[in-house]
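# Coordinate analysis (summary)
The primary structure of each chain is shown beneath.
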Amino acid sequence: MQALIAILIGALILAALAYDIGRLVTPRESRWPPLARLRGRRAALEAAERWCAGLRTHDRIDAAAYQRRMSGLARGQRTLPRGGRDV
């Protein structure tokens, strides 16, 4: 009986591992970043806003890309729409 329980727990751990690896290799991660899990969605959006401002400050993105990103953040979107890479 104990061997069956150990096998079941091992199988569940392997399934969870496979699931996590599958999520990490997908092109668009749908979950919140670690900051959002610790302090909430608002903190994650504020961090994304600071990151975007830093990109603009160091001329990594142009004014139009900055405006698009900030508009998305104002609507609560942390990621760019599909195909919307501007870096």
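All of these numbers come straight from a predicted model, not from anything done at the bench. (Residues numbered from 1 in each chain as written. Predicted model: local features only at pLDDT ≥ 70, side-chain atom pairs only at ≥ 80, totals over all residues. Heavy atoms only, no water.)

### Thoughts on the overall build of the protein
The helix and strand tally for the protein stands at four helices and zero strands. Shown N-terminal to C-terminal, the secondary structure of the protein runs as helices and strands in the order α-α-α-α. Expressed as a percentage of its 87 residues, the buried residues of the protein come to 16%. Intrachain contacts of the protein at a sequence separation of at least 6 include 41% that bridge at least 24 residues. Carbon and sulfur atoms make up 61% of the accessible area of the protein, which totals about 7100 Å². (Helix = DSSP H or I, 4+ residues; strand = E, 2+ residues; numbered from the N terminus. Buried < 20%, exposed > 50% of the residue type's maximum accessible area, 1.4 Å probe, protein only. Contact = heavy atoms within 4.5 Å. Areas by Shrake-Rupley, 256 points an atom, 1.4 Å probe, with all protein chains shown as cover.)

### Topic: the confidence of the model for the protein
Taken residue by residue, the protein gives an average pLDDT of 80. The fraction at 70 or more is 75%. Mean pLDDT across the elements of the protein bottoms out in helix α2 (residues 34–39) (58) and peaks in helix α1 (residues 2–24) (91). (pLDDT = per-residue confidence, 0-100.)

### Notes on the nonpolar core
L45, C52, L55, I61, A65, M70 and L73 form the largest nonpolar core, which has seven residues in total. Listing elements by their share of this core, those giving two or more residues are α3 (41–57) and α4 (63–74). (Core = buried A, V, L, I, M, F, W, Y, C linked by side-chain atoms within 4.5 Å.)

### Focus: the packing of α3 against α4
Where α3 contacts α4, the axes come no closer than 10 Å and their chain directions differ by 175°. Regarding the angle of α3 to α4, the classification is roughly antiparallel. Counted together, L45, A48, E49, C52, A53, L55 and R56 of α3 and A63, Y66, R69, M70 and L73 of α4 form the full contact between these two elements. Considered class by class, the residues forming the contact of α3 with α4 number nine nonpolar, no polar and three charged. (Axes fitted to C-alpha atoms, helices over the stretch in contact; angles between N-to-C directions. Parallel < 35°, antiparallel > 145°, perpendicular 65-115°, else oblique. Nonpolar A, V, L, I, M, F, W, Y, C, P; charged D, E, K, R; others polar.)

### Structural notes on α3
Across its 17 residues, α3 extends 24 Å between first and last C-alpha, which sits within 8% of the 24 Å expected from 1.5 Å per residue. Of all the positions in α3, only A43, A44, L45, C52 and L55 are classed as buried. D59, located one to two residues past α3, shows a positive phi value of around 55°. (Expected span 1.5 Å × (residues − 1).)

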